[in-house]
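This is what each chain is made of:
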Amino acid sequence: QVQLVESGGGLVQAGGSLTLSCAASGRSISTYGMGWFRQAPGKEREFVAAASWDAGTTYYADSVKGRFTISRINAKNTVYLQMNSLKSEDTAAYYCAQSRRSGIRPLLQDYTYWGQGTQVTVSS
């Protein structure tokens, strides 16, 4: 099965930018939808963004629209999340996940493989 490893998290000032990467290994992700989710302490995991297998379709949570961009380079077996204009409420552990579908839906049940997460902390 696929293994997913997130990287790029860290401490950033409010208003700043950060790019997360999700590197897949073990199998190709080129035919599967991919998503990003986040979870803050004491909160449930929530959907952030997702891209279909070819990024022809993308979805974003309302809270990140216009600020975050999901992209993928299937030849590199990697998915990215570009985060701009970061806010304190963006602070969370961010997780990359693979959908069982080639398309995407913002539903946790669709995602079967998960990375371990990378922490993003936005300071005010």
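Analysis parameters
- Residues numbered from 1 in each chain as written.
- Predicted model: local features only at pLDDT ≥ 70, side-chain atom pairs only at ≥ 80, totals over all residues.
- Heavy atoms only, no water.
- Pairing = 2+ DSSP bridges.
- Helix = DSSP H or I, 4+ residues; strand = E, 2+ residues; numbered from the N terminus.
- Axes fitted to C-alpha atoms, helices over the stretch in contact; angles between N-to-C directions.
- Buried < 20%, exposed > 50% of the residue type's maximum accessible area, 1.4 Å probe, protein only.
- Contact = heavy atoms within 4.5 Å.

Regarding the sheet that holds strand S7 (residues 68-73)
One open sheet holds the 4 strands; their spatial order is S1-S3-S8-S7, and the pairing between them is antiparallel. Strand pairing shows two members of the sheet lacking a second neighbour, strand S1 (3-7) and S7, which therefore form its edges. The sheet shows a mean angle of 15° between the axes of neighbouring strands, taken without regard to direction. As paired elements, S1 and strand S3 (residues 18-25) share 5 bridges and run antiparallel to each other. Bridge pairing in S3 links Ser7 to Ser21.

Let's talk about the environment of Val12
Within the secondary structure layout, Val12 lies in strand S2 (residues 10-13). The buried category is assigned to Val12, whose relative accessible area is 10%. For Val12 and Ser123, which are 111 residues apart along the polypeptide, the C-alpha to C-alpha distance reads 6.2 Å. Setting aside its immediate chain neighbours within four residues, Val12 contacts Ser17, Leu86, Thr121, Val122 and Ser123.

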